[in-house]
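Structural overview
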Amino acid sequence: MTNNSSFKRKLIASVVASSALAGLSGGVYAQDADAPMMDEIVVTGIRASLTRAMDIKRDSGGIVDAISAEDIGKFPDTNLAESLQRITGVSIDRSNNEGSKITVRGFGPNYNLVLLNGRKMPSVGDSRSFEFGDIAAEIVSGVEVHKTFSADNVTGGIGSMVNIKTARPLDNPGLNFSIGTKAMMDTTNETGDDVTPEVAAIISNTFADDTFGAQLALSYQERDSRLVNADVANWRNNFHTDAGNIDMSLVEDNRADPDGPTFYPRNFGYGIDDISRDRLNGQAVLQFAPTDKIEATLDYTFVDVDYEALNTGVGIWFSDTGDALTDGVIDENGTFVSVTEAGQDYASNIRRNTSETELDSVGLNVTWDVNENLALTFDAHDSSRLNQGVGRGNDAFLILGAVEIDEKTYDATAGEDIPFMHIDFLDDGAGIVDGVPTAASYDSLFAQSGININESDVQQFQVDGVWTTNDDSGLVSVDFGVAHTEIANRWRSFNTGQLPLGWYSDNQELWPADMFTALPTAGLFPSFSGGDTNVPVYHTWDFERGVAIAEQQWADHSASPLPDWGTAPEGTKMRADTSGSPVSDHRVTEETMSAYLQFNMEGELSGMPFQVVSGLRYEQTDVVSNSYQQDPLELVWQNPTEWGLNLAEDSTYTNRTGDYKVFLPSLDAALDIREDVIGRFSFSQSITRPTLGSMIGTRSVTDRPKPGERSGTQGNPNLRPFSSNNLDLSLEWYYDDASYASVGLFVKKVDNFIVDQFVSTEVLNLRDPLEGPRAQRAREELAAEGLEITDETVFNRINENQGTEGAITQVDADPLAPFEISTPSNMEEATLQGAEFAVQHNFSDTGFGVIANLTLVAGDLEVDNSSTDFQFVLPGLSDSANFIAFYDKNGLQGRIAYNWRDSFLNGVGQNNTPIYTEEYGQVDVTISYDLPFVDGLTVFAEGINVTDESQRQYARYENMFKHAEQYGARYNIGARYTF
């Protein structure tokens, strides 16, 4: 929901804060009139960066926005995505309060093509999105965001094409050197180092009369932080009727429509992630220009990111059937805003999430001016990305439970940001002291570990040419080119399976008290209202000791051999065994041949200079999908709250193919209405290809198939790309030095939208013990004895009746279990329209300036929040705005930037649940000073999210809580030396 008053308050606050920069004094940031004359003045800093970016915008054939480095080794923001959000129409997604991915004109990360020096890079996971946090801003010289599309553009983004450019030594002849150091202070950090280092250096030089150049750039960063969240895993639809076990006489039902749907929370809990990330970037460039007609560039880029997070989770889980409900409240929209259930569990879990990302890219570019009419460019690169992480969701985890519970409550009736969690423990419960769990209260649940390996490779060859006519026909030049691109992705998953540890078998004595540390629950969410609990402490514990106990329990009580968790040589990363066959092994190879022809024309229209660029691009794509996976054989009810699968020894192997062809016309026209006013018109067709993961050719299901969470996916290699007809109009006024104003209108009509349809279907012979005759008999016996009917009591009675202990495996008498299978298909179309307004103004020679922009976006799709059926939506649509005030004079630079994004539909979750992200505004501040007594030495300070903003999500309705993340501020102080 748009909150204009909130936006205005934050904007006013930012303007007031920016006015503090007005107290900075000084003369013109240029050579004084009385100073000695110099042969050359190299202008750097904020104003120079803005001038270069404005020149790119003005001289482009289509609608392009750009960001330029202020100086060698100095990009405007510490993160590329956070710089890009300053551009009109660009919003970002954050990961751990850091820019991660971008949304452009309402189209999210998968709809935007990101290039590095004009080349496609390997993707992240099974998507096509680019992880901006992997690339250090210090090695980047500029970024261009192409919002319109011409025939010579590489295809893949209907939102935008973003080209990240790095420096080249022959572009800056002579010796150039910059080194910068930072001390980063993340205010969220609790367990890591309060101050972490960042070092970046770039050096380049040219030799032999500037015919040979070499450059080396390196960047290393460490960051320690904490991310605290509250979360509901998912909401279950119509639990009062579909499950059939809720006693509605215990519920206060306030639905406006008595027959309308209801929505029941699956769980509620807190997560505390202590995160450590190390990032190393490097680039080496060699250039050779033996003549003024030939230039060759060889470059190598690498990225290495090590990530480790220790997550402590604590919270309550509700029953799989609702039969444990003792009290509830439903609001007018059908949301269970209060739920109280009897019995287990209050779980405490620790997850170790580790991953390593390696990116290597080798490229060769050769330009050749064959003669005065013909110029050719050859470009080739081979790039690979490897990401491997531990476990299910890249983690190894161990879960314990304080099981001595009488009742547990989720309460959102107060209407606060985060609901209330209330737990009543049994008075005589083991390890419960004065109603509070202690270390002695924790019993065994389960453990699991695995490793996911994702490999992505891109090989690309391009030949581009320009034929210059040198005549007066109006046709200035002809562009042409051909290219071949092959993208190959592979995903492998290895898993230990679950390690049962006794399943609530009074195993509290296994876990020594000195393994646990009690920490306060109060104060976890200072930026939100609510988030309270009557449990004053949560427990974290020694993960390594817990794993060792879990392994010993398995060895002592299991007839099967201990699955190999393995331990990395340094003893810090839990790993599953990768020596055997994987649980799954998927490969998707996409091969594309393309060719284009483009005509560049100039002339006059009513005496005004007029430029037209028109072209046609053709592409043919072939897809091959090979998959191997172990099929699920049986459902296993592991304990009252957990479920697993037994996998078949035999495996499924598939080999499927797909192909498509596209013709993409484009037309860009620019009219110089006056010397300082340009009008633009653009029409084009563009495509975004399906995500690579959506073309995996097998069906798979979740490895924790709890009732209400039984889901799966079915890929489709025959998917066609999204296709968009784009229309743009803009008017740009370049009225002064580094100053302009612009307004633009755009319309995008998108066909072949790929939609994930959720279909309830039976999978192989998977059967549900919870709904079988054994469970029905148990419920009847418990009811006759006047005992509570809960998942725990049903589970225990089944074991009692059949003389067994522990896990309950399906039998042939159990009914087949339905799974919600998500399958992608091309089936929808949508129209999106918007307007962009931007102004950049320098206040003459005062050193002060402002930048402001606003983007308004709307679509023809409306979401019915009350519907539990499938509906087509377009995630990511939101208005956004930026306000930046800066000062740049006499070596003193300061900037305050405010970025705002309105509420938006984030996507559709499980059970066809719309999920919304609330509006977010962030203030960043930087200040630097060129020390006068050391030429080239600059000291600086940076503040990111200085007002400690945080972010909240809800499902369907604002009081239907989904997720909240507690962010914090980051501060950097440092120095940079350049010559």
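Coordinates for the structure precede this section.
Just so it is clear, the model here is predicted, and its values are computed rather than measured.

1. Digging into the overall build of the protein
Counting its regular elements, the protein contains seven helices and 48 strands. Its C-alpha radius of gyration of 30 Å places the protein within 12% of the 30 Å reference for a compact globule of 979 residues. Averaging the locations of the 64 positively and 149 negatively charged side chains of the protein gives two centres separated by 3 Å.

2. Overview of the side chain of Arg617
For Arg617, the position within the fold is in strand E30 (residues 608–639). For Arg617, the side chain forms a polar contact with the main-chain oxygen of Ala151, separated by 2.8 Å. Sequence-distant contacts of Arg617, defined by excluding residues within four places in its chain, comprise Ala151, Asp152, Asn153, Val154, Thr155, Ser594, Ala595, Tyr596, Val662, Phe663 and Leu664.

3. Quick look at the sheet that holds strand E17 (residues 336–342)
Sheet architecture is open: five strands sit in the order E12-E16-E17-E21-E22, paired in mixed fashion. The sheet terminates laterally at strand E12 (251–253) and strand E22 (420–425), the two strands that pair on one side only. Put simply, the sheet's adjacent strands are angled 10 degrees from each other on average, direction ignored. Taken together, the six bridges between strand E21 (residues 405–411) and E22 define a ladder with antiparallel strand orientation. The residue bridging Ile405 from the neighbouring strand is Phe425, located in E22.

4. Let's talk about the sheet that holds strand E1 (residues 64–68)
The strand order across the open sheet formed by five strands is E1-E6-E7-E4-E5, and the pairing between neighbours is mixed. A strand with exactly one partner marks an edge of an open sheet, and here the two such strands are E1 and strand E5 (119–120). Contacts from helix H2 (residues 46–59) reach E1 and strand E6 (140–146) within the one sheet, and its direction differs from that of E1 by about 155 degrees.

5. Topic: the packing of helix H6 (residues 773–784) against helix H7 (residues 791–802)
Closest axis-to-axis distance for the H6/H7 pair is 9 Å, and the angle between their directions is 105 degrees. As summarised for this structure, H6 and H7 are arranged roughly perpendicular, according to the angle between their axes. Residue-level contacts link Arg774, Ala775, Arg777, Ala778, Arg779, Glu781 and Leu782 of H6 to Thr793, Val794, Arg797, Ile798, Asn801 and Gln802 of H7. Of the residues belonging to the contact of H6 with H7, the class tally is five nonpolar, three polar and five charged.

6. A closer look at the nonpolar core
If you look at the biggest cluster of nonpolar residues, it comprises 54 residues, and the most contacted ones within it are Phe268, Tyr270 and Tyr346. If sequence neighbours within four positions are ignored, Tyr270 has contacts with Asn229, Ala230, Thr312, Gly313, Val314, Met421, Leu524, Phe525, Gly531, Asp532 and Thr533. By size, the runner-up hydrophobic cluster in this structure holds 30 residues, among which are Ala69, Leu84, Ile135 and Val145.

7. Brief notes about the pattern of salt bridges
This model, assessed by the stated rule, comprises 45 salt bridges. Where Arg674 meets Asp676, a salt bridge forms, and the shortest distance between an N and an O atom there is 3.1 Å. Where salt bridges share partners, they join Lys57, Asp65, Arg105, Lys147, Asp728 and Glu836 into one cluster.

What counts, and where the lines are drawn
- Residues numbered from 1 in each chain as written.
- Predicted model: local features only at pLDDT ≥ 70, side-chain atom pairs only at ≥ 80, totals over all residues.
- Heavy atoms only, no water.
- Helix = DSSP H or I, 4+ residues; strand = E, 2+ residues; numbered from the N terminus.
- Rg over C-alpha atoms; globule rule 2.2 N^0.38 Å.
- Lys, Arg positive; Asp, Glu negative; His and termini not counted.
- Charge placed at Lys NZ, Arg CZ, Asp CG, Glu CD.
- Polar contact = N/O pair within 3.5 Å; in protein donor to acceptor, adjacent residues only side chain to side chain.
- Contact = heavy atoms within 4.5 Å.
- Pairing = 2+ DSSP bridges.
- Axes fitted to C-alpha atoms, helices over the stretch in contact; angles between N-to-C directions.
- Parallel < 35°, antiparallel > 145°, perpendicular 65-115°, else oblique.
- Nonpolar A, V, L, I, M, F, W, Y, C, P; charged D, E, K, R; others polar.
- Core = buried A, V, L, I, M, F, W, Y, C linked by side-chain atoms within 4.5 Å.
- Buried < 20%, exposed > 50% of the residue type's maximum accessible area, 1.4 Å probe, protein only.
- Salt bridge = Lys/Arg side-chain N within 4 Å of Asp/Glu carboxyl O.

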